[in-house]
Amino acid sequence: MAESIDAVSLDMEKIYLGGKEHFIRTGCGSVSVIVYGDQDKPALITYPDLALNHMSCFQGLFFCPEAASLLLHNFCIYHISPPGHELGAASISLDDSVPSADDLADQILEVLNFFRLGAVMCMGVTAGAYILSLFAMKYRERVLGLILVSPLCKAPSWTEWFYNKVISNMLYFYGMCGLLKECLLQRYFSKEVRGSAEVPESDIVQACRKLLEERQSSNVWRFLQAINRRPDITEGLKSLRCRTLIFVGDSSPFHSEALHMASKLDRRYSALVEVQSCGSMVTEEQPHAMLIPMEYFFMGYGLYRPCHFSESPRSPLSPSCISPELLSPESMGLKLKPIKTRVSLGL
């Protein structure tokens, strides 16, 4: 798609939980974008996983006070929902064509052009991480950095393809039924928080289950079609020159996929953080585990969390403020891969 904003128009705006929701017409349909913060600041865009939106995919991270302080101090947040995934969305007309992964990546470009944004920071989870990675490969000059949570980069394996076809058929014939919700919750969360006969499921799983109930199954089906037909983008990963920070839970069904992606990225610009006892959605299940790696990632851009102590201009988590034992993997619940992330901004 051309980098013109002529075809992009604002349908409506509304104030939503402290943010302003914009409905933007793009070449492949209307898309919801909720904006939080000062639009004069650098932009951070988010893109959620299948059947989710910012409320069910990023709320845990942004409700974490330290992470919210870091992110909202440095960025204006633009939460992009996949078409028809926003709260209260109606079913998309059956006459509308089903977008491809490429179409969804191009839709992000139209959103950036609408808001007159230049290069942006990107954060995505699983399917959303794939869309943002594809966007970064197609429009390199528009991406400052990537924060990817349990990302995908290969075409679906036969196992994933078949599993997605089963989910697709359930969506088509039965809607957002109980069995389908269980399948999706297994995709997102580790068994530790999903509970068992003896242990009740956690609050975050209960909240996600309730949010899934209001999702339009036909809209989820459309996003799943795009993801299940995604091309392999492995070969293009080496060409990325933006910094990339990957998080993955060691209980995620996409753990091996994330490791594969990390191995294909240029190690001068990328880092991998494995989070123990966590599923795919680290943003909800263990958001505190993301804080210190993100803070060091942003230091490479000269961005810091505001200091709450007036006598020191340093970030509370700058190297001189952290006792060495706090940086041990055990204390953070992390397995850190020692890959260099700090490089010259000019590269």
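Residues numbered from 1 in each chain as written. Predicted model: local features only at pLDDT ≥ 70, side-chain atom pairs only at ≥ 80, totals over all residues. Heavy atoms only, no water.

As recorded by an unreviewed UniProt entry, the protein carries the name Pollen-specific protein SF21 and is attributed to Rubus argutus. Under the UniProt heading Sequence similarities (unreviewed entry), the entry covering the protein gives this text: "Belongs to the NDRG family." (UniProt positions renumbered as here; feature names shortened; annotations may be inferred.)

Q: Would you mind showing me how to read the UniProt feature "transmembrane region" (unreviewed entry) in the protein here?
A: With numbering matched to this structure, UniProt assigns "transmembrane region" (unreviewed entry) to residues 114-136. For residues 114-136, the end-to-end C-alpha separation is 18 Å, with 48% helix and 26% strand making up the annotated structure. (Helix = DSSP H or I, 4+ residues; strand = E, 2+ residues; numbered from the N terminus.)

Q: What exactly am I supposed to notice about unusual backbone geometry here?
A: Residues apart from glycine generally show negative phi values, whereas peptide bonds are mostly found in trans. In this structure, Ala51 takes a positive phi of about 70° despite not being glycine. According to the relative accessible area criterion, Ala51 is buried, its value standing at 0%. Phi at Ser150 takes a positive value of approximately 50°, unusual for a residue other than glycine. Residue placement: Ser150 occurs in the loop between β7 (143-149) and α6 (158-174). You can call Ser150 buried: its relative accessible area is 0%. (Buried < 20%, exposed > 50% of the residue type's maximum accessible area, 1.4 Å probe, protein only.)

Q: When you look at the nonpolar core in this model, what are you seeing that I'm missing?
A: Grouped burial of nonpolar side chains is what soluble globular proteins tend to show. In terms of nonpolar packing, the biggest core is built from 105 residues, with Tyr188, Phe247, Met294 and Phe298 touching the most fellow members. Once you skip the residues sitting within four places of it in the chain, Tyr188 turns out to touch Asp49, Leu50, Ala51, Leu52, Cys208, Leu212, Gly279, Ser280, Met281 and Glu285. (Core = buried A, V, L, I, M, F, W, Y, C linked by side-chain atoms within 4.5 Å. Contact = heavy atoms within 4.5 Å.)

Q: I'm lost on the packing of helix α4 (residues 101-114) against helix α5 (residues 127-138) in this one. Help?
A: For any two helices packed against each other, one specifies the inter-axial angle together with the distance between the axes. Their axes nearest at 9 Å, the elements α4 and α5 cross at an angle of 70°. Comparing the axis directions of α4 and α5 gives the class roughly perpendicular. From α4, Ala101, Asp102, Leu104, Ala105, Asp106, Ile108, Leu109 and Leu112 reach across to α5, where they touch Tyr130, Ile131, Leu132, Leu134, Phe135 and Lys138. Partitioning the contact of α4 with α5 into residue classes produces 11 nonpolar, no polar and three charged. (Axes fitted to C-alpha atoms, helices over the stretch in contact; angles between N-to-C directions. Parallel < 35°, antiparallel > 145°, perpendicular 65-115°, else oblique. Nonpolar A, V, L, I, M, F, W, Y, C, P; charged D, E, K, R; others polar.)

Q: Would you explain helix α7 (residues 178-188) in this entry?
A: For α7, the complete set of buried residues consists of Leu180, Lys181, Cys183, Leu184, Leu185, Arg187 and Tyr188. Its buried side turned inward, α7 meets α5, α6, α8 (191-194), α9 (203-213) and α13 (282-285).

Q: What am I meant to see in a nonpolar patch on the surface here?
A: Nonpolar side chains collect at one region of the surface, where Trp158, Trp161, Phe162 and Val166 lie side by side and expose about 500 Å² of accessible area between them. Summarising the element assignment, Val166 is placed in helix α6. Given a relative accessible area of 35%, Val166 falls into the partly exposed group. (Patch = residues over 30% accessible without salt bridge, like charges linked within 9 Å, V, L, I, M, F, W, Y side chains within 5 Å. Areas by Shrake-Rupley, 256 points an atom, 1.4 Å probe, with all protein chains shown as cover. Salt bridge = Lys/Arg side-chain N within 4 Å of Asp/Glu carboxyl O.)

Q: What's the story with the side chain of Glu257 in this structure? I'm lost.
A: By the secondary structure assignment, Glu257 is in helix α12 (residues 255-264). No salt bridge forms around the buried Glu257; measuring N to O, its nearest opposite-charge neighbour Lys154 is 4.3 Å away. Setting aside residues no more than four positions away along its own chain, Glu257 makes contact with Pro151, Leu152, Cys153, Lys154 and Arg230. (Lys, Arg positive; Asp, Glu negative; His and termini not counted.)

Q: Hey, could you run me through the pairing of strand β3 (residues 29-36) in this one?
A: Across a regular strand the side chains alternate sides, sitting on one face of the sheet and then on the other. Within β3, six of the eight residues are buried, leaving the element largely enclosed by the surrounding structure. Across seven bridges, the pairing between strand β2 (residues 19-26) and β3 is antiparallel. Residue pairing for β3: Arg25 is matched across the bridge by Ser30. A loop of two residues connects β2 with β3, the two strands running antiparallel in sequence. Where β3 lies against strand β5 (residues 76-80), four bridges are found, and the strand directions are antiparallel. Note that in β5 the partner of Ile34 across the bridge is His79. (Pairing = 2+ DSSP bridges.)

Q: Explain the packing of aromatic side chains here, please?
A: The relative placement of two aromatic rings is captured by the distance of their centres and the angle of their planes. All chains considered together, the criterion is met by 11 aromatic pairs. An aromatic cluster of at least three residues, connected via ring pairs, comprises Phe75, Phe297, Phe298 and Tyr301. A cation sits over an aromatic face here: Arg230 above Tyr130, 5.9 Å from the ring centre. (Phe/Tyr/Trp six-rings, centres within 6.5 Å; stacked < 30°, edge-to-face > 60°. Lys NZ or Arg CZ within 6 Å of the ring centre and 35° of its normal.)

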